[in-house]
Amino acid sequence: MDLRDLYQEVIVDHNRSPRNFRRIDAPTKSLEGFNPLCGDRLTVYLTVNDGTISDVAFEGSGCAISVASASLMTEALKGKPIAEADRLFAQVHGLLTGATDAAPEGKLAVLGGVREYPSRIKCATLAWHTLTGALHGADRPVSTE
Amino acid sequence: MSARPAPPALDAARVRADFPLLAQSVHGKPLVYLDNAATTQKPRQVLEALDAYYRTDNANVHRGVHQLSERATAAYEGARDRIAGFINAASRRELVFVRGTTEAINLVAQSFLRPRLQPGDEILVSQLEHHSNIVPWQLVAEQTGATVRTIPMNREGELVLDALDGLLHERTKLLAVGHVSNALGTVNPLDTIIAAARRHGVPVLVDGAQALPHMAVDVRALGCDFYAFSGHKMFGPTGIGCLWARESLLEAMPPWQGGGDMIRSVRFTGSEWAELPYKFEAGTPNIAGAIGLGATVDYLVDIGMDRIAAYEHELLAYATDALRGVPELTLVGTARTKAAVLSFTLGSIHPHDIGTIVDAEGVAIRTGHHCAMPVMEFLGIPATARASLAFYNTRADIDALVRALARVREVFH
Ligand SMILES: Cc1ncc(COP(=O)(O)O)c(C=O)c1O
């Protein structure tokens, strides 16, 4: 087991300087997500125009894995149609839970390193579950437990 | 004065050899187990007692006339005697076997406190408590219209007792406090707290889960009314623990659960309860667990709790100095009187990342809120990393932790 599979440079970098780490003042949708086991909590904000995510941002606090995963997610989603967001969610979820081996293209592939660390998978999925909840009308905060 | 010669200091290398689990590697590194506040490892002597019971004496207790049942009953009741002696209970009738601290506290909440609570009554708990010494009181408060109030803490992790007298009054029906904080290691000044409660006629429950593994406990000298603890936190099996309570209180309490073993006679016109402590032990108990805990107590008596306390006192001082030397490390919980528990944060690195990285170096610590969310909330942090020590830990273990923490800082530059 090599720690660097988990804490790859991209993850360390996105944790240190998370992208789109801000609030959107009048979002189309926003939702909170919690991981009660670790105390991670974040809010995902979305601006959606004609079925396309024109802006996405997040705020909150958590471990390096949850912050980096949220940051990478916002980078990957900006300007994408909702259907593409759903496809990416399915890919990342499949990658993290071991359901599929088809890594998502680009930087998101670094999240695959989390798979060897079962206790950390929920850290990586938190932002993604929160995103899906926000896109598809969850009216309560998302919880990983 | 004829001074007895001081007993020889504890030889950690020797006691360590009693714990087979410790001699293994994880992730290719020698295991350094520093998560003793979550659960402790078990000495060979306890494992052998469990094994021997199942291999040679297994039978139900208090029921059979046959040889095996008599042997199992003698071993089970013998364990009760030794555990009662270990905490200096006045009699074996005061020692109820339960699943653990959590169950003991729930028993007191429902059987002792619930019938005494009226709307507007108060239960006083400290801010430092583990959730299992908070939630059972919230449940009984909800059931009766009572409220739960708190004894505050300060940033060092000590209870603030200046206002304690004001918090205790005729509507206070119970004070519940931990002996040692699992999150921060604080040893609470029970003498002061119990004396104040006594002045106001308020009964006191002490959560002793984290005290038994570190120090000699004498429930009668403490002067409390209830004392709860778990076998697995004191080098014994899981699924067994004890509630100690004054006999007069237990006598007056109704049974908590009904079933076999806790009755003298059953008729559809009404049943009669068994004598103490069986009134509170419905159903087939955890016989092996009790016997294992008896063996644990024998083991601890053999080493000597005072030697354990002295050894850990030194090790805590060493560990405190060593951690203070780690750049950006902040100790959380710096009470003047502490057991060997070190909670800390490391710069802006999240405790979960610390936990994962030190694990890769073979070092097992706990990260998170430690089932003490009110403590974390007061301190304004979501989580800490926690190294909790036992008498089988050594300075080498602390050095390994310090090296692993250097690795954490390397990963995050
Ligand atoms: C201070 C304290 N009280 C109570 C408990 C609960 O003990 P158990 O889970 O064995 O019932 C613990 C253990 O987590 C503890 O540390």
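Whatever comes next refers back to the structure up there.
Please read all numbers here as calculations on a predicted model, not as lab measurements. (Residues numbered from 1 in each chain as written. Chains lettered and ligands numbered in written order. Predicted model: local features only at pLDDT ≥ 70, side-chain atom pairs only at ≥ 80, totals over all residues. Heavy atoms only, no water.)

Another aspect to go through is the site of the ligand. Residue and element names in this part refer to chain B. All residues adjacent to the ligand are Thr101, Thr102, His130, Ser132, Asn182, Asp207, Ala209, Gln210, Ser230, His232 and Lys233. The backbone of Thr101 places a nitrogen or oxygen atom 3.4 Å from an oxygen atom of the ligand. Contacts to the ligand include His130, whose side-chain N or O atom sits 2.9 Å from an oxygen atom. In the complex, the protein chains occlude 84% of the 390 Å² of accessible area that the ligand would expose alone. Broken down by class, the residue content of the shell around the ligand amounts to one nonpolar, eight polar and two charged. (Near = heavy atom within 4 Å. Polar contact = N/O pair within 3.5 Å; in protein donor to acceptor, adjacent residues only side chain to side chain. Areas by Shrake-Rupley, 256 points an atom, 1.4 Å probe, with all protein chains shown as cover. Nonpolar A, V, L, I, M, F, W, Y, C, P; charged D, E, K, R; others polar.)

Okay, the interface of chain A and chain B next. Counting from both sides, the interface comprises 20 residues of chain A and, opposite them, 15 residues of chain B. Summing both sides of the interface, chain A and chain B together bury roughly 1400 Å²; the carbon and sulfur share of this comes to 59%. Scanning the region where chain A abuts chain B turns up one salt bridge. As a salt-bridge pair, Asp353(B) and Arg120(A) come within 2.8 Å of each other at their nearest N and O atoms. Remark: the boundary between chain A and chain B carries six residue pairs in polar contact (both at pLDDT 80 or more). The set of elements that each furnish at least two residues to the side of chain A that touches chain B consists of helix H1 (3–6), helix H2 (9–16) and helix H3 (64–77) of chain A. Ranked by residue count, the leading element in the side of chain A that touches chain B is H2(A), at four residues. In the side of chain A that touches chain B, the residues fall into twelve nonpolar, three polar and five charged. (Contact = heavy atoms within 4.5 Å. Buried area = accessible area lost by both parts, 1.4 Å probe. Salt bridge = Lys/Arg side-chain N within 4 Å of Asp/Glu carboxyl O. Helix = DSSP H or I, 4+ residues; strand = E, 2+ residues; numbered from the N terminus.)

Moving on: helix H4 (residues 101–113) of chain B. Residues and elements named next belong to chain B. Over its 13 residues, H4 extends 17 Å from the first C-alpha to the last, a length consistent with the 18 Å expected when each residue adds 1.5 Å. Among the 13 residues of H4, eleven are classified as buried, and the element is accordingly described as predominantly covered. Of all the positions in H4, only Thr101, Glu103, Ala104, Ile105, Asn106, Leu107, Val108, Ala109, Ser111, Phe112 and Leu113 are classed as buried. (Expected span 1.5 Å × (residues − 1). Buried < 20%, exposed > 50% of the residue type's maximum accessible area, 1.4 Å probe, protein only.)

Let's shift gears to helix H7 (residues 190–199) of chain B. Residues and elements named next belong to chain B. Listing the buried residues of H7 in full gives Leu190, Ile193, Ile194, Ala196 and Ala197. Projection of H7 onto a plane perpendicular to its axis shows the buried side chains occupying an angular sector of 155°, all on one side. Every exposed residue of H7 that faces more than 90 degrees away from the buried side is listed here: Asp191 and Arg199. Of the residues flanking the end of H7, it is Gly201, one or two places downstream, whose phi is positive at about 65°. (Arc of directions from axis to C-beta.)

Residue and element names in this part refer to chain B. Applying the stated criterion to the full structure yields 37 salt bridges over all chains. Residue Glu328 pairs with Arg409 through a salt bridge whose shortest N-O separation is 3.2 Å. With Glu328 in the loop between helix H11 (305–324) and strand S13 (329–332) and Arg409 in helix H14 (residues 395–411), this pair connects stretches of sequence that are 81 residues apart. Overall, the relative accessible area of 53% leaves Glu328 in the exposed class.

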